[in-house]
Amino acid sequence: ALSPIFSHKFSGRLKQKPRPEPLVIKDAMGTFTLEKGDSYSGEAKLLGREITVFLETDGEQKTPAEHSREALRAFAANAAKWDADIKQFAADEFARADGMIETWGGCEDDSEGEVISKEEFMRRISLNFIQFYRDGSIFLDYDLDDLFTDHGLGVHADVSGRIGVGGRWGWRRR
């Protein structure tokens, strides 16, 4: 190990990756703080409540996360339509041939799965967080209300409104 004097004397000479400026962005959508890596995080009022939002930086450009913020503003302008479209997409993906959705049950209470309608499914799921990327792509995470144990719904889309792929994923923040 280097002595504290040696490491302090030379630590300023190590080349560090430049961080985008500013470290905090405040705009009409919310306040976003630069996190480790290349994204800002914060809360934005969407669908009548605060939703966690991640904004990818614009890389080496002087406008931090401007492309991602444009995507956020476009999403916010049509958030209710986006939400309805994604819920319908998920209901269609999970439904059996008879149009019903067979759940797995909850992980907290060891409840058994049940068969529910697409309408009930769409009522029960809710947007958890969104990641906006500088290329216009979007990742949306939906809370599935313990319908599939601790799994969530991940959906890839783009700012044009095209929903690409989506499915259950097993990681869930509580």
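Residues numbered from 1 in each chain as written. Predicted model: local features only at pLDDT ≥ 70, side-chain atom pairs only at ≥ 80, totals over all residues. Heavy atoms only, no water.

Draft legend 1. A look at the overall build of the chain. Per the secondary structure count, the chain includes four helices and ten strands. Starting at the N terminus and walking to the C terminus, you meet the elements of the chain as α-β-β-β-β-α-α-β-β-α-β-β-β-β. Of all 174 residues assigned to the chain, the portion counted as buried reaches 37%. Of the contacts made within the chain by residues no fewer than 6 positions apart, 42% connect residues no fewer than 24 positions apart. (Helix = DSSP H or I, 4+ residues; strand = E, 2+ residues; numbered from the N terminus. Buried < 20%, exposed > 50% of the residue type's maximum accessible area, 1.4 Å probe, protein only. Contact = heavy atoms within 4.5 Å.)

Draft legend 2. Summary view of the nonpolar core. With 38 residues, the main nonpolar core has Phe32, Leu46, Phe75, Phe121, Ile130, Phe132 and Leu140 as its most contacted residues. In terms of residue count, helix α3 (residues 79-94) provides more of this core than any other element does, six residues in total. Apart from the residues lying within four places of it in its own chain, the contact partners of Leu46 are Met29, Ile51, Val53, Leu72, Phe75, Ala76 and Ile130. (Core = buried A, V, L, I, M, F, W, Y, C linked by side-chain atoms within 4.5 Å.)

Draft legend 3. Local environment of α3. For α3, which comprises 16 residues, the first-to-last C-alpha distance of 22 Å matches the rise-based estimate of 22 Å (1.5 Å per residue) to within 8%. Within α3, burial applies to Ala79, Trp82, Asp83, Ile86, Lys87, Phe89, Ala90, Ala91 and Phe94. (Expected span 1.5 Å × (residues − 1).)

Draft legend 4. Here's a closer look at unusual backbone geometry. You will see that Asp145, though not glycine, has its phi angle at about 55°, which is positive. Among the secondary structure elements, Asp145 is positioned in the loop between β8 (137-143) and β9 (152-158). Unusually for a residue other than glycine, Asp146 sits at a positive phi of about 60°. With respect to the helices, strands and loops of the structure, Asp146 is situated in the loop between β8 and β9.

Geometric descriptors of this kind do not, in isolation, establish any biological role.
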